[in-house]
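Residues per chain are reported as follows:
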Amino acid sequence: MGKKSRVKTQRSGSGASMVVSSKEMMNLISELLQKCSSASPSAGKECEEYIQIRGLVEKIRKKQKGMSVVFEGSREDYFPDLMSWAQENGASCEGFTVANFGNEGYGLRATRDIKAEELFLWIPRKMLMTVESAQNSVLGPLHSQDRILQAMGNVTLALHLLCERANPASFWLPYIRSLPQEYDTPLYYQQEDVQLLLGTQAMQDVLSQYKNTARQYAYFYKLVQTHPAASKLPLKDGFTFDDYRWAVSSVMTRQNQIPTEDGSRVTLALIPLWDMCNHTNGLITTGYNLEDDRCECVALQDYKENEQIYIFYGTRSNTEFVIHNGFFFQDNPHDRVKIKLGVSKSERLYAMKAEVLARAGIPASCVFALHCNEPPISAQLLAFLRVFCMTEEELKDYLLGDRAINKIFTLGNSEFPVSWDNEIKLWTFLETRAALLLKTYKTTSEEDRSMLEKPDLSLHSRLATQLRLAEKQILENASASGRAKRLHFQKKLEEGAPLPRSKESDIALLENTESDTKLPIILRKLEEAEEGQEIQAEEHSYLLNGEKAVYGTIRESSGEKEPEELRKVGKDVDSALASHQKSQKDDDNLSASWTEDEPKENGE
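> In this structure, what is going on with the overall build of the protein chain? I would like to understand it.
The number of helices and strands found in the protein chain is 23 helices and 17 strands. For the protein chain, the computed accessible surface area is about 25200 Å², with 50% contributed by carbon and sulfur atoms.

> Could you clarify how one ought to interpret the sheet that holds strand E4 (residues 106–110) in this entry?
Backbone-to-backbone hydrogen bonds pair the strands of a sheet. The strands run either parallel or antiparallel. In space, the four strands of this open sheet follow the order E3-E4-E12-E9, with mixed pairing throughout. The sheet is open, and its two borders are formed by strand E3 (96–100) and strand E9 (278–279), each paired with just one other strand. Across five bridges, E3 lies against E4 in antiparallel orientation. Across the sheet, the residue bridging to Ala99 is Gly107, located in E4.

> How should the side chain of Thr440 be read in this particular structure?
Here Thr440 lies in the loop between helix H17 (420–438) and helix H18 (445–452). Owing to a relative accessible area of 10%, Thr440 belongs among the buried residues under this scheme. One polar contact links the side chain of Thr440 to the main-chain carbonyl oxygen of Leu437, over a distance of 2.6 Å.

> When you look at the pattern of salt bridges in this model, what are you seeing that I'm missing?
Proximity of charged atoms lets side chains of opposite charge pair with each other. Counted according to the given criterion, the structure contains 25 salt bridges. As a salt-bridge pair, Arg359 and Glu355 come within 3.0 Å of each other at their nearest N and O atoms. Linking Arg359 with Glu355, this pair stays in helix H13 (residues 350–359), spanning four residues, or about one helical turn. You can call Glu355 partly exposed: its relative accessible area is 34%. By sharing partners, the salt bridges in this structure join Glu58, Arg61, Asp242 and Arg245 into a single network.

> I'm lost on the environment of Gly263 in this one. Help?
Here Gly263 lies in the loop between strand E7 (256–259) and strand E8 (266–270). Overall, the relative accessible area of 28% leaves Gly263 in the partly exposed class. Taking the C-alpha atoms as reference points, Gly263 and Asp293, separated by 30 residues in sequence, lie 9.9 Å from one another.

> Help me out: how do you make sense of the state of the cysteines in this one?
Covalently bonding the sulfur atom of one cysteine to the sulfur atom of another cysteine gives a disulfide. Under the counting rule described, the total for this entry stands at zero disulfides. Distance from the sulfur of Cys297, which forms no disulfide, to the nearest cysteine sulfur (Cys277) is 5.8 Å.

> Explain the packing of helix H14 (residues 379–388) against H17 here, please?
The angle between the axes and the distance between the axes are what describe a pair of packed helices. Two elements in contact, H14 and H17, have axes whose closest approach is 9 Å; the angle formed by their N-to-C orientations is 115°. Here H17 runs roughly perpendicular to H14, going by the angle between their axes. As for the relative orientation of H14 and H17, their crossing is right-handed in sense. Where H14 approaches H17, its residues Leu382, Leu385, Arg386 and Phe388 are matched on the opposing element by Asn422, Glu423, Leu426, Trp427 and Phe429. Looking at the contact of H14 with H17, its residues break down into six nonpolar, one polar and two charged.

> Any chance you could explain the packing of aromatic side chains here in plain terms?
Throughout the structure, instances matching the rule amount to 23 aromatic pairs. With a centroid separation of 6.5 Å and an interplanar angle of 50°, the aromatic rings of Tyr183 and Tyr188 are classed as tilted. Judged by relative accessible area, which is 10%, Tyr188 ranks as buried. Ring geometry for Tyr313 and Phe327: centres 6.1 Å apart, planes at 75°, overall edge-to-face. Residue Tyr313 is located in the loop between strand E12 (308–311) and helix H12 (318–325), and its partner Phe327 is located in the loop between H12 and strand E13 (336–342); the two are separated by 14 residues in the primary sequence.

> Would you mind going over the pairing of strand E14 (residues 365–371) with me for this structure?
Successive side chains on a regular strand alternate, one facing one side of the sheet and the next facing the other. Within E14, seven of the seven residues are buried, which leaves the element mostly enclosed by the surrounding structure. Side-chain alternation along E14 places Ser365, Val367, Ala369 and His371 on one buried face and Cys366, Phe368 and Leu370 on a second face that is also buried. Bridge analysis of E13 against E14 gives seven bridges, and the strand direction is antiparallel. Looking across to E14, one finds that Lys338 is bridged to Ala369.

> Sorry, what's going on with the nonpolar core here?
Core analysis: the largest hydrophobic core is formed by 116 residues, its most contacted members being Leu159, Phe220, Phe239 and Leu273. The dominant element in this core, judged by the number of residues it contributes, is helix H10 (residues 203–226), at 12 residues. Residues contacting Phe239, with those up to four places away along its chain left out, are Gln64, Leu159, Leu162, Tyr217, Phe220, Tyr221, Val224 and Tyr244. Judged by nonpolar contacts, the second largest core, of 43 residues, contains Leu341, Phe368, Leu385 and Ala497.

> Please clarify how H12 should be interpreted in this entry.
Since there are 3.6 residues in each turn of an α-helix, residues three or four apart along the chain are aligned in direction. Taking burial as the measure, the eight residues of H12 include eight buried ones, the bulk of the element. Within H12, burial applies to Asn318, Thr319, Glu320, Phe321, Val322, Ile323, His324 and Asn325. Downstream of H12 by one or two residues, Gly326 has phi in the positive range, about 85°.

> Even after reading the chapter, I still don't get the sheet that holds E7, so can you show me in this structure?
Reading across from one edge, E6-E8-E7 is the order of the three strands in this open sheet, with antiparallel pairing throughout. The sheet terminates laterally at strand E6 (129–130) and E7, the two strands that pair on one side only. As paired elements, E6 and E8 share two bridges and run antiparallel to each other. Across the sheet, Thr130 pairs through a bridge with Ala269, a residue of E8.

Quick notes on the rules
Residues numbered from 1 in each chain as written. Predicted model: local features only at pLDDT ≥ 70, side-chain atom pairs only at ≥ 80, totals over all residues. Heavy atoms only, no water. Helix = DSSP H or I, 4+ residues; strand = E, 2+ residues; numbered from the N terminus. Areas by Shrake-Rupley, 256 points an atom, 1.4 Å probe, with all protein chains shown as cover. Pairing = 2+ DSSP bridges. Buried < 20%, exposed > 50% of the residue type's maximum accessible area, 1.4 Å probe, protein only. Polar contact = N/O pair within 3.5 Å; in protein donor to acceptor, adjacent residues only side chain to side chain. Salt bridge = Lys/Arg side-chain N within 4 Å of Asp/Glu carboxyl O. Disulfide = S-S within 2.5 Å. Axes fitted to C-alpha atoms, helices over the stretch in contact; angles between N-to-C directions. Parallel < 35°, antiparallel > 145°, perpendicular 65-115°, else oblique. Left-handed = near helix turned anticlockwise from the far one by under 90°. Contact = heavy atoms within 4.5 Å. Nonpolar A, V, L, I, M, F, W, Y, C, P; charged D, E, K, R; others polar. Phe/Tyr/Trp six-rings, centres within 6.5 Å; stacked < 30°, edge-to-face > 60°. Core = buried A, V, L, I, M, F, W, Y, C linked by side-chain atoms within 4.5 Å.

Written out as structure tokens, the structure reads:
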């Protein structure tokens, strides 16, 4: 059990393994910052850049060995102190306890029967670690003078967490001690684990996450050592890459948005005790009670005594779970693969296609998703592909023809095809595109399944392989679905079947599937914000890659852009889409997706 007298931290090991001059370390840090801030590498060279950056980081880590702050004992030793601290500060602590659930790690276990929708957990604001509490802490003077901290709440939380961890008298020490010492995010992967993701849609996100974290560490290391406002920070004498990686992962797996005290805006927060809950499918059941000024969570379902209490993190893909949470969720109905598609500006009909898409509210270059279930494409992607495959006459009809405005609103409705030939073209395109993407992987699905059967496979290798296989299964499903649809519409064309025509009352039917309409409006808005975003000239870098949050949806966290001073150079994004006859090389350039996303680890 935890000892309440155990308030001091210790350096890992018996001390630093070697004496490193401040000048030598600063030179390495400067080299790392320069490398991470240089122009983005050309296509296909990202892995080389990652290896170079990782090499510099490993040099720094080697010289910092034994300098990271750790706590005595195991994480489990501090759970009693966490519960006592929570109870003393007004949180609900009856009806559950912290328990170990094996492969799922630690979570909350019911100590009595709990009914669905019963309010069983609440956490008052004073227990939360927020951007505001950081501003009122020892970090405040630096925060008030550094534009990057002011612009990036997630970075502020990470440094706030490190400062409080180094303070033996910190109010939040019972919470901080209960956090994992390490995580299973890709920041902790060995290089060979990362290489298992070669060819996947997730690879670029993993490389970006590592590069961003290394760049930010180098920047803040120099800032802490040189800025007058940082002179009193407890980090000044010991701020290692491992410390920052830990803080980044702690925030990345846990950060959430809550309203400020006056309810006028949202702020980022870490929510003690509640963030012990593991994920399952369902609906968001956590909100913020402004009147009582506390986070509140109701039960997702009925729980019997001794059962694990779950919450729903949101409509995450497994790429987002693996990269931002450190786990793979096997039964994930929201899994998807991001793809970038766009109308080539060199195409003769570009202007007409762009205009039709604009009237439908869809950019000419866009990030879409292929989904794991049927149909594999959203209403928005269906509308895009229909316009993409239109002939000149069809484009004129949707721009100038009778009821042109009404037709625009039915572009995303599967019941009203543009023409049988158009449907054949778009499903042929999807079938071929998915098949080409499958060829970019270094292994087959069968090889992945065989690898997962190995009993000695490491956890991180298993996560990478599971993610790789899941992507392939989505693409295989999309290709098969495209083929089935193509054959269906070819038969319609051969039979001379009449083309369904929309009526005046159908103009609002842009949404395609019944499943969309069954989602709570707040989740539908989240999906809309995530898919169909225009591809900008630059692809902004994020520290924690937190997914956009909707006010009141506590499980969702924010991703914040790095200011230009730190980011230096953005990444050019290919926005031109070749037709499905183009080469596989062109396909590779368009296949990778850049995702943003969210908190919460699955136990450990």
